[in-house]
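Structure assessment
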Amino acid sequence: MSVESQDLNLCANDNRGQLQLGAGAGLVGWDEVTQGIVLTSFDGDASGIAHKKAEDRSYSEFNSYTASVASWRVNKPVFNRDICIDCQNCWVWCPDSSILSRDKQMLGIDYDHCKGCEVCVEVCPTNPKSLLMFNEHADLDESLAAWPEKKKKAKKSKEA
Amino acid sequence: MAVKFDLNEREVWDGNYAASQALRQADVDVVVAYPITPSTPIVENYGAYVGNGFIDGEFVMVESEHAAMSGCIGASAAGGRVSTATSSQGFALMAEVLYQASGMRLPIVLNVVNRALASPLNVRGDHADMYLGRDAGWIQFGAFNAQEAYDLALCAFKVGENHKVRLPVMVHQDGFITSHTAQNVYPLTDEKAKAFVGDFVPVDDMLDFSRPVTYGAQTEEDWHFEHKAKQHKAIMDSMPIIDEVFAEFKELTGREYNRVESYDMDDADVVIIGLGTTVETARVAAQNMRAKGVKAGVVAIRCFRPFPYEEVREALKDAKAIAVTDRSSPGGAMGAFYNEVAAAMYTSVNRPIVTGFVYGLGGRDFSIEEAERIFAEQQAHADAGYITTDIQQFSGLRGPKLGFFKTARG
């Protein structure tokens, strides 16, 4: 099992998930809040930012990218590199953009934004699945060691 | 390039047509609408102007008033000049989204043709819908006739879009009495109107791809209060801007508007304070009362939100007895309008007598004779030095006299 590929800082820039929601930092008075609760997504000129990779974008402190918004997750998906076929199904389906993938290669999970919804596990087509749910506090090595074997297809019984 | 629309110096327009012409001259980019009587012709006419090439704009027909205001919010946040119109049940369905527009500080102009709220179902004019919007964070202008519906719609864009204000604005007119009564209206030329309203200068527009923004963020107990306080400060601070816009409009047209209008108030003892078409009725009644030796005057609210407490207090400071007219069933209270006027006058030096009348519901006619009777009753209060009737009375109602709450003074 290649534990290196599960590096949680993989593909993350310095400010991903660094802020905790409701932490009370930077509370300002009514005279300093933004007009109309309008929040800027990036610092500085963002022209052409759609063509940049996440780690190269100047996400502002108002952008949820810089906040950790996964504190209520109870079960987490664990990714098994050895089984994955890089089909990108999980990347397409993830409702929180929390599948880290580069050049069509699956790299791991963004645990700062993943809510543990299990959609990625549901849509994974491999046998056994390359993504499985484990308790939030489960150890990565132990989780990978507990991975199930390939299931053999039950022979169809001929029916009359 | 839009086709030129021929206008005469004097036109015969009803309130709806007048409002729609203001939308055309203001070069409104997007109207998102769902039709409802009696406001339908405003958006219908805008759609015709688009269809016939008189304006370069977008008319979007949606499935409900909730969707109409939602679409307006999207178009306004995108960076366009946006307007629509509604009435009554449509206004009520819009109510939830009205708060979104003001909270996001989007200067949408909503033409509200006032109509009663069901049940019973009723298409005629009263102010139930207008009062429903009173806490929604919108500036609310009141037009008393077709000319004013046109003038105030032009002013509404200029006020709301001012970068010191950035708030949505409603322009109210009375259903049918104003909206469907053709009157002489003196429009501005297109050039003058466009120059007056000015170009739309967006703020935080979503179509600025160099600066993407989020609208409609969630806040909880740590931020919500501060944002609402900032919004409240903005609407309170809009008062001098409204005055500036009215002053500029007077310079351009000679037509003067004030947040509080006063008629025959120099020496008035007894006063009717009102809104909408009732004002013109009360003015005729005041003249008749003066011929009988009663010093009668009329005060009218041009700007219901932000409520002009100081100007109301100033206008009524020498009055002895004031009748406040609420064209809405207040559902177990004195009336939204009564409460505002009473609050303003409680902190005055003379503390005049203030009584309330619920009248004209569902389009029930408010006659000159009834206004004269109310003036005479105010004179009786003034002579006695205390309120001689119930504080809240129903005016123009069939059946036994209906009233509530008696004074403990005198």
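Residues numbered from 1 in each chain as written. Chains lettered and ligands numbered in written order. Predicted model: local features only at pLDDT ≥ 70, side-chain atom pairs only at ≥ 80, totals over all residues.

1. Observations concerning the overall build of chain A
Regarding its fold elements, chain A presents 3 helices and 7 strands. Shown N-terminal to C-terminal, the secondary structure of chain A runs as helices and strands in the order β-β-β-β-α-β-β-α-β-α. The proportion of buried residues among the 160 residues of chain A is 21%. Counting only contacts in chain A whose residues sit at least 6 apart along the sequence, the fraction spanning at least 24 positions is 64%. (Helix = DSSP H or I, 4+ residues; strand = E, 2+ residues; numbered from the N terminus. Buried ≥ 20, exposed ≤ 12 C-beta atoms within 10 Å, placed from the backbone. Contact = placed C-beta atoms within 7 Å.)

2. Overview of the overall build of chain B
Each helix and strand in chain B was counted, giving 13 helices and 17 strands. Scaling as 2.2 N^0.38, a compact globule of 410 residues should have a C-alpha radius of gyration of about 22 Å, and chain B matches this with 21 Å. Summarising its shape, the C-alpha atoms of chain B cover approximately 70 × 55 × 40 Å along the three principal directions. The buried share among the 410 residues of chain B stands at 52%. (Rg over C-alpha atoms; globule rule 2.2 N^0.38 Å.)

3. Observations concerning the packing of helix 1 (residues 15–25) of chain B against helix 2 (residues 40–51) of chain B
All names here are of chain B. Packing of helix 1 against helix 2 brings their axes to within 8 Å, and their N-to-C directions diverge by 45 degrees. When the axes of helix 1 and helix 2 are compared, the pair comes out oblique. The interaxial crossing formed by helix 1 with helix 2 has right-handed handedness. Of the residues in helix 2, those in contact with Asn16, Tyr17, Ala19, Ser20, Leu23 and Arg24 of helix 1 are Pro41, Ile42, Asn45, Tyr46 and Tyr49. Within the contact of helix 1 with helix 2, the residues separate by chemical class into 7 nonpolar, 3 polar and 1 charged. (Axes fitted to C-alpha atoms, helices over the stretch in contact; angles between N-to-C directions. Parallel < 35°, antiparallel > 145°, perpendicular 65-115°, else oblique. Left-handed = near helix turned anticlockwise from the far one by under 90°. Nonpolar A, V, L, I, M, F, W, Y, C, P; charged D, E, K, R; others polar.)

4. Here's the deal with the nonpolar core
Counting 126 residues, the largest nonpolar core has Ala153, Ala156, Val169, Val171, Val271, Ile322 and Val341 of chain B as its most contacted members. At 10 residues, helix 6 (residues 146–160) of chain B tops the list of elements feeding residues into this core. Both domain 1 (11–253) and domain 2 (260–404) of chain B contribute no fewer than three residues apiece to this core. When residues no more than four places from it in sequence are discounted, the contact partners of Ala153 of chain B are Ala19, Ala22, Leu23, Val109, Asn111 and Val171 of chain B. The next biggest cluster of nonpolar side chains, apart from the first, holds 14 residues, and it includes Val78, Phe79, Leu107 and Cys114 of chain A. (Core = buried A, V, L, I, M, F, W, Y, C linked by C-beta atoms within 7 Å. Domains from an automatic or database assignment.)

5. Some remarks on unusual backbone geometry
Residue and element names in this part refer to chain B. A cis amide bond links Thr37 to the next residue, Pro38, at an omega of 0 degrees. Tracing the chain through its elements places Pro38 in the loop between strand 2 (30–33) and helix 2. With an omega of 10 degrees, the peptide bond between Ala118 and Ser119 qualifies as cis. Residue placement: Ser119 occurs in the loop between strand 5 (109–114) and helix 5 (128–132).

6. Notes on the sheet that holds strand 15 (residues 353–359) of chain B
Residue and element names in this part refer to chain B. In space, the 7 strands of this open sheet follow the order 10-12-11-14-15-16-17, with mixed pairing throughout. Single-partner strands in this sheet number two, and they are strand 10 (260–263) and strand 17 (403–404). Where strand 16 (residues 392–395) and strand 17 come together, 2 bridges link them in antiparallel fashion. Residue pairing across strands places Gln392 opposite Phe404, the latter belonging to strand 17. Across the face of the sheet, helix 12 (residues 336–346) comes into contact with strand 11 (270–274), strand 14 (321–326) and strand 15 while running at roughly 150 degrees to strand 14. (Pairing = 2+ DSSP bridges.)

7. Some remarks on the pairing of strand 11 of chain B
Residues and elements named next belong to chain B. Counting buried positions along strand 11 gives 5 out of 5 residues, so the element sits mostly inside the fold. Bridge count between strand 11 and strand 12 (residues 296–301): 5 bridges; the pairing is parallel. Paired with Val271 across the two strands is Gly297, which belongs to strand 12. The parallel pair strand 11 and strand 12, bridged by helix 10 (residues 278–291), forms a crossover whose chirality is right-handed. Pairing geometry for strand 11 and strand 14, over 4 bridges, is parallel. Bridge pairing in strand 14 links Ile273 to Val324. (Right-handed = clockwise from strand over helix to strand, strands pointing away.)

8. Details of the domain arrangement of chain B
Often the size quoted for an interface is simply the accessible area lost on bringing the parts together. Residue and element names in this part refer to chain B. What the domain assignment lists for chain B is domain 1 (11–253) and domain 2 (260–404). Computed from C-alpha coordinates alone, the two centres of domain 1 and domain 2 are separated by 28 Å. At the interface, 25 residues of domain 1 touch 20 residues of domain 2. Of all the secondary-structure elements, those providing two or more residues to the side of domain 1 that touches domain 2 are helix 5, strand 6 (139–142), helix 8 (224–236) and helix 9 (238–253). The element contributing the most residues to the side of domain 1 that touches domain 2 is strand 6, with 4 residues. The residue inventory of the side of domain 1 that touches domain 2, partitioned by class, reads 13 nonpolar, 8 polar and 4 charged.

9. Quick word on helix 9 of chain B
Residues and elements named next belong to chain B. Helix length check: helix 9 (16 residues) gives 22 Å between terminal C-alpha atoms against 22 Å at 1.5 Å per residue, within 8%. For helix 9, the set of buried residues is Ser238, Ile242, Val245, Phe246 and Phe249. Across the axial projection of helix 9, the buried residues extend over an arc of 100 degrees, all falling on one side. Across from the buried face of helix 9, at angles greater than 90 degrees, the exposed residues are Pro240 and Glu251. Buried residues in helix 9 make contact with strand 6, helix 6, helix 8 and strand 13 (303–305). (Expected span 1.5 Å × (residues − 1). Arc of directions from axis to C-beta.)

10. Topic: helix 3 (residues 65–78) of chain B
All names here are of chain B. Between its first and last C-alpha, helix 3 extends 20 Å over 14 residues, near the 20 Å set by a 1.5 Å rise per residue. Along helix 3, the residues that are buried comprise Glu65, Ala68, Met69, Gly71, Cys72, Ile73, Ala75, Ser76 and Ala77. Structurally, helix 3 contributes buried residues whose contacts are with strand 2, strand 3 (58–61), strand 4 (82–86) and helix 4 (88–103). Just downstream of helix 3, Gly79 is the residue with a positive phi angle, here 120 degrees.

11. Some thoughts on the confidence of the model for chain A
In regions of low pLDDT, the predicted coordinates are not meant to be interpreted in detail. Chain-level pLDDT for chain A is 87 on average; 86% of the residues reach the 70-or-more range. In this model residues 1–5 of chain A is a low-confidence stretch, pLDDT under 50, and it forms 9 contacts with partners more than four residues away in sequence or in other chains. (pLDDT = per-residue confidence, 0-100.)

12. A look at the confidence of the model for chain B
Here chain B shows a mean pLDDT of 97. Residues at 70 or above account for 100%. In the predicted assembly, ipTM is 0.87 and pTM is 0.91.

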